[in-house]
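Observations on chain architecture
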Amino acid sequence: MTFASELTVRHVVMSDPRVRPLLTELGEEYSRRYGKDAHAEIARYPDEEFTEPHGGLLLLLLERDEPVAGGAFRRYDATTAELKRIWTHSAHRRRGLARRVIAELEREAGARGYRRIYLTTGPRQPEARGLYLATGYTPLFDTEADPETIGPLPFEKHLADREHNRKAPDQ
């Protein structure tokens, strides 16, 4: 699939070398914001959870074959996909790429039979919080509370019924 701005969506696996910038920058960003080595958080889920046979997906947006954004989902439960690793390359921010990643992940999750998306973001990631609110996610926390007192900020979104293109997630 190609967007008007010459972006190509590619479904990839974690071992694809084009995923390395995503994982590296996410680790650096988390470490800066939370003051610890966040690579353990990135490694928390086995790579296979982001593959189709396990109900997941990892995708990249490529521009001239270079990764500029990406994201993934994993099976949270039989009807819910959990978004993870939403990323925009530091040199390509403020272009709406994260919105495109989220829209593509939602479309793919719906096509695989998921009816709900769940995600969490850290309390020190106001940009992510704003992105999820702007893209129609419902906060599952008190938005008036100090985010630092909450911990990970959970969100959900119910997907529109897409019976015509739905297939059940693998069990």
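For the structure itself, consult the block above.
1. As for the nonpolar core
- Judged by nonpolar contacts, the single largest core of 28 residues is most densely connected at Leu-61, Phe-73, Leu-83, Leu-105, Tyr-132 and Tyr-137.
- Sorting the residues of this core by element identifies strand 1 (7-11), strand 2 (57-63), strand 3 (66-77), strand 4 (80-88), helix 3 (97-111), strand 5 (116-121), helix 4 (126-134) and strand 7 (153-158) as the ones contributing at least two each.
- Each residue touching Tyr-132, except ones within four places of it in the same chain, is listed here: Ile-86, Ile-102, Leu-119, Thr-121, Tyr-137 and Phe-155.
- Counting residues in each nonpolar core, the second largest holds 15 residues, with Leu-22, Ile-42, Phe-50 and Trp-87 among its members.

2. Some points on the environment of Arg-32
- Take Arg-32: it is sitting in helix 1 (residues 20-34).
- Of the residues examined, Arg-32 reaches a relative accessible area of 59% and is grouped as exposed.
- Among the polar contacts made by the side chain of Arg-32, one reaches the side chain of Glu-29 at a distance of 2.7 Å.

3. Observations concerning the packing of aromatic side chains
- Applying the stated criterion to the full structure yields six aromatic pairs.
- With 6.5 Å between their ring centres and 90° between their planes, Tyr-45 and Phe-50 make a pair best called edge-to-face. Taken as a pair, Tyr-45 and Phe-50 share a single burial class, namely buried.
- An angle of 70° between the planes, with centres 6.0 Å apart, marks the rings of Tyr-132 and Tyr-137 as edge-to-face. Each of the two residues, Tyr-132 as well as Tyr-137, counts as buried.
- A connected cluster of aromatic rings, assembled from ring pairs, spans Tyr-132, Tyr-137, Phe-141 and Phe-155.

4. Quick word on the sheet that holds strand 3
- Read across the sheet, seven strands follow the order 1-2-3-4-5-7-6 without closing on themselves; strand pairing throughout is mixed. Looking at which strands have only one partner, the edges of the open sheet turn out to be strand 1 and strand 6 (138-139).
- Of the strand pairs in this sheet, strand 2 and strand 3 are connected by seven bridges, and their pairing is antiparallel. In the strand pairing of strand 3, Leu-58 is matched with Ala-72.

5. What to know about the pattern of salt bridges
- Tallying each qualifying case throughout the model produces 15 salt bridges.
- Linking Arg-107 and Glu-104 is a salt bridge whose minimum nitrogen-to-oxygen distance equals 2.7 Å. Of this pair, Arg-107 and Glu-104 are both found in helix 3, three residues apart, which corresponds to roughly one turn of the helix.
- When its relative accessible area of 35% is taken as the criterion, Arg-107 is described as partly exposed.
- Under the relative-accessibility criterion, Glu-104 is labelled buried at 6%.
- Here the residues in one salt-bridge network are Glu-52, Glu-104, Arg-107, Glu-108 and Arg-112, joined through shared partners.

6. Brief notes about helix 4
- Among the residues of helix 4, Ala-128, Arg-129, Leu-131 and Tyr-132 are the ones counted as buried. One side of helix 4 holds all its buried residues, which, seen down the axis, span an arc of 160°.
- Just downstream of helix 4 lies Gly-136, where phi reads positive at about 90°.

7. Description of unusual backbone geometry
- A positive phi angle is found at Arg-64, which is not glycine, with a value near 50°.
- Turning to its location among the elements, Arg-64 is positioned in the loop between strand 2 and strand 3.

Thresholds applied
- Residues numbered from 1 in each chain as written.
- Predicted model: local features only at pLDDT ≥ 70, side-chain atom pairs only at ≥ 80, totals over all residues.
- Heavy atoms only, no water.
- Core = buried A, V, L, I, M, F, W, Y, C linked by side-chain atoms within 4.5 Å.
- Buried < 20%, exposed > 50% of the residue type's maximum accessible area, 1.4 Å probe, protein only.
- Helix = DSSP H or I, 4+ residues; strand = E, 2+ residues; numbered from the N terminus.
- Contact = heavy atoms within 4.5 Å.
- Polar contact = N/O pair within 3.5 Å; in protein donor to acceptor, adjacent residues only side chain to side chain.
- Phe/Tyr/Trp six-rings, centres within 6.5 Å; stacked < 30°, edge-to-face > 60°.
- Pairing = 2+ DSSP bridges.
- Salt bridge = Lys/Arg side-chain N within 4 Å of Asp/Glu carboxyl O.
- Arc of directions from axis to C-beta.

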